[in-house]
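Residue-level listing of the chains:
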Amino acid sequence: MTISTTHRFRRVAATLTLLCAFVTLSTVVAQTQISAARFEHIAINVANPHDVAKWYTENLGFTVERQGAAPGYSTMIVDSTRNLAIEIYHNAEHPLLEPVK
């Protein structure tokens, strides 16, 4: 794994940590009968969706829900609580998620 790939994964992991915190807060708020917004899923454009999905499954315990073929290789992964879903895909016409410099 190259340094830039490692940084990219760390940035995505940091983003997911914030989203997991939001999902946890949303769950607590929902349990106290206060309405709150809830994400269905987020989408991340990356260079190699299958490698990124593999990293999330091996390091963060996500499960691959579905995995697509070319050209977008769209892959949907979910966390163990099934409260957070991430669509990881590749679209060369749009900016990729890049590591923080």
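Each remark here, short or long, concerns the structure printed above.
In this convention, every chain numbers its residues from 1, walking through the sequence in written order. This being a predicted model, a pLDDT of at least 70 is required before a residue's local features are given, and a value of 80 or more before pairs of side-chain atoms are given or counted; all residues contribute to the totals for chains, interfaces and linings. To obtain the side-chain values, all non-hydrogen atoms of the structure were included, while hydrogens and water were left out.

Enquirer: I would appreciate a short explanation of the nonpolar core in the present structure.
Expert: Proteins that are soluble and globular tend to have nonpolar side chains buried together. In plain words, nonpolar cores are sets of buried Ala, Val, Leu, Ile, Met, Phe, Trp, Tyr and Cys residues tied together by side-chain atoms within 4.5 Å. Here's how the labels work: a residue is buried when its accessible area is under 20% of the maximum for its type, exposed when over 50%, partly exposed in between, all with a 1.4 Å probe on protein chains only. With 14 residues, the main nonpolar core has Ile44, Val52, Tyr56, Phe62, Ile77, Ile86 and Ile88 as its most contacted residues. Under the scheme used here, helices are H or I runs from DSSP no shorter than 4 residues and strands are E runs no shorter than 2 residues, and both carry numbers assigned from the N terminus. When residues of this core are traced back to their parent elements, those giving at least two are helix H1 (3–31), strand S1 (42–45), helix H2 (49–60) and strand S4 (85–89). The element best represented in this core is H2, accounting for four residues.

Enquirer: Would you mind going over the packing of aromatic side chains with me for this structure?
Expert: How two aromatic rings sit relative to each other is set out by the distance from centre to centre and by the angle between their planes. Aromatic pairs are defined between Phe, Tyr and Trp rings, using the six-membered ring for Trp, whenever the two ring centres lie within 6.5 Å; interplanar angles under 30 degrees are classed as stacked, those over 60 as edge-to-face, and all others as tilted. For the coordinates displayed, the defined rule picks out two aromatic pairs. Connected via pairs of aromatic rings, a cluster forms that spans Trp55, Tyr56 and Phe62.

Enquirer: How should I be thinking about unusual backbone geometry in this particular structure?
Expert: With the exception of glycine, most residues fall at negative phi, and the peptide bonds are largely trans. Across the junction of alanine 70 and proline 71, the peptide omega takes the value 5°, indicating a cis bond. Relative to the helices and strands, proline 71 is located in the loop between strand S2 (63–67) and strand S3 (75–78). In the Ramachandran plot, tyrosine 73 falls in the positive-phi region, its phi being about 50° despite a non-glycine side chain. When you line up the elements, tyrosine 73 lands in the loop between S2 and S3. Look at tyrosine 73 and you get partly exposed, because its relative accessible area is 33%.

Enquirer: Can you walk me through the pattern of salt bridges in this structure?
Expert: Where charged atoms from two side chains of opposite charge come close, those side chains can pair. What counts as a salt bridge is simple: a side-chain nitrogen of Lys or Arg found within 4 Å of a carboxyl oxygen of Asp or Glu. What the rule picks out here adds up to two salt bridges. Here lysine 54 makes a salt bridge to glutamate 58, at a shortest N to O gap of 3.9 Å. On the criterion of helical spacing, the pair formed by lysine 54 and glutamate 58 is a turn pair, its members being four residues apart in helix H2. Exposure remark for glutamate 58: the relative accessible area of 57% places this residue in the exposed category.

Enquirer: Looking at this structure, how should I read the side chain of serine 74?
Expert: Checked against the element boundaries, serine 74 lands in the loop between S2 and S3. A residue is classified by how much of its surface remains accessible, and serine 74, at 19% relative accessible area, is buried. A polar side-chain atom of serine 74 sits 2.9 Å from a polar atom in the side chain of glutamate 87. N or O atoms closer than or at 3.5 Å make up a polar contact, with two conditions inside protein: a donor-capable atom paired with an acceptor-capable one, and, for residues adjacent in sequence, both atoms drawn from side chains.

Enquirer: What exactly am I supposed to notice about the sheet that holds S1 here?
Expert: The strands that make up a sheet are held in pairs by hydrogen bonds between backbone atoms, and each pair lies either parallel or antiparallel. In space, the four strands of this open sheet follow the order S1-S4-S3-S2, with mixed pairing throughout. The open sheet terminates on both sides in strands that have one partner only, identified here as S1 and S2. Taken pair by pair, the neighbouring strands of this sheet meet at an average axis angle of 25°, ignoring direction. At least two bridges found by DSSP between two strands are what make those strands a pair. Direction of pairing for S2 relative to S3: antiparallel, over a ladder of four bridges. Within S3, the residue paired with threonine 63 across the bridge is valine 78. Here the axes come from fitting lines to C-alpha atoms, over the contacting stretch only for helices, and the angles between their N-to-C directions go from 0 to 180 degrees.

Geometric values such as these leave the question of function open.
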